[in-house]
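Analysis of the macromolecular model
Residues per chain, in single letters:
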Amino acid sequence: YHSQICKGAAGARGDNTKMLKYAVLDWISPKGEAIQPPLHRNSKIDHGFNHKLTRSLLCPTGMDWNDPQ
């Protein structure tokens, strides 16, 4: 039974993080506007520090990502 419980728990975590990826894109999108350049829901290649909007959200609050220093 232990292996079945572990397998179910791992599957649930995977499902939750997959759904979270979609929810976060909705949360950070400006109301009535599209994110430019667009972020793809089925790929993480352009997320994180690879995108202007998401990298600014990952930057510590006391720092300006656009400041080269």
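So, a few notes on the structure that sits alongside this text. (Residues numbered from 1 in each chain as written. Predicted model: local features only at pLDDT ≥ 70, side-chain atom pairs only at ≥ 80, totals over all residues. Heavy atoms only, no water.)

Quick word on the side chain of Thr 54
Short version of the rule: Helix numbering and strand numbering both begin at the N terminus, where a helix is a DSSP run of H or I of at least 4 residues and a strand a DSSP run of E of at least 2. When accessible area is computed with a 1.4 Å probe and restricted to protein chains, residues below 20% of their type maximum are described as buried, those above 50% as exposed, and intermediate ones as partly exposed. By definition, residues are in contact when any of their heavy atoms lie within 4.5 Å.
Turning to its location among the elements, Thr 54 is positioned in helix α2 (residues 52–58). On the basis of relative accessible area, Thr 54 is assigned to the buried category, the value being 11%. Excluding its chain neighbours within four sequence positions, the residues that come into contact with Thr 54 are Ile 28, Leu 39, His 47 and Gly 48.

Some words on unusual backbone geometry
Here the amide bond leading from Gln 36 into Pro 37 is cis, since omega sits at -15 degrees, within 30 degrees of zero. Locating Pro 37 in the fold gives a position in the loop between α1 (2–28) and α2.

Comments concerning a nonpolar patch on the surface
The test is simple: Two distance rules govern patches: like charges are joined within 9 Å, and nonpolar side chains (Val, Leu, Ile, Met, Phe, Trp, Tyr) within 5 Å, applied only to residues with over 30% relative accessible area and no salt bridge. Methods summary: accessible areas were calculated by the Shrake-Rupley approach with a probe of 1.4 Å, and residue burial reflects only the protein chains presented. When a carboxyl oxygen of Asp or Glu is within 4 Å of a side-chain nitrogen of Lys or Arg, the pair counts as a salt bridge.
A contiguous nonpolar surface patch, about 320 Å² in accessible area, is contributed by Leu 20, Val 24 and Trp 27. Inspection of the secondary structure puts Val 24 in helix α1.

Overview of the layout of surface pockets
Formally: The pocket and cavity definitions rest on a 1 Å grid over protein atoms only: a 1.4 Å probe that fits but cannot leave marks a cavity, an open set with protein on both sides within 12 Å along at least five of seven lines marks a pocket, and residues lining either have an atom within 4 Å of a point. Grid points are joined across faces, edges and corners, and a volume is the space filled by probe spheres set on the points. Three residue categories are used. Nonpolar comprises Ala, Val, Leu, Ile, Met, Phe, Trp, Tyr, Cys and Pro, charged comprises Asp, Glu, Lys and Arg, and polar comprises the others, including Gly.
Here the largest pocket is characterised by a volume of approximately 170 Å³. If you trace the largest pocket, you find it lined by Lys 21, Val 24, Leu 25, Ile 28, Leu 39, His 47, Gly 48, Thr 54, Leu 57 and Leu 58. For the lining of the largest pocket, the secondary-structure elements that each account for two or more residues are α1 and α2. With four residues, α1 is the single largest residue contributor to the lining of the largest pocket. Across the lining of the largest pocket, the residue classes break down as six nonpolar, three polar and one charged.

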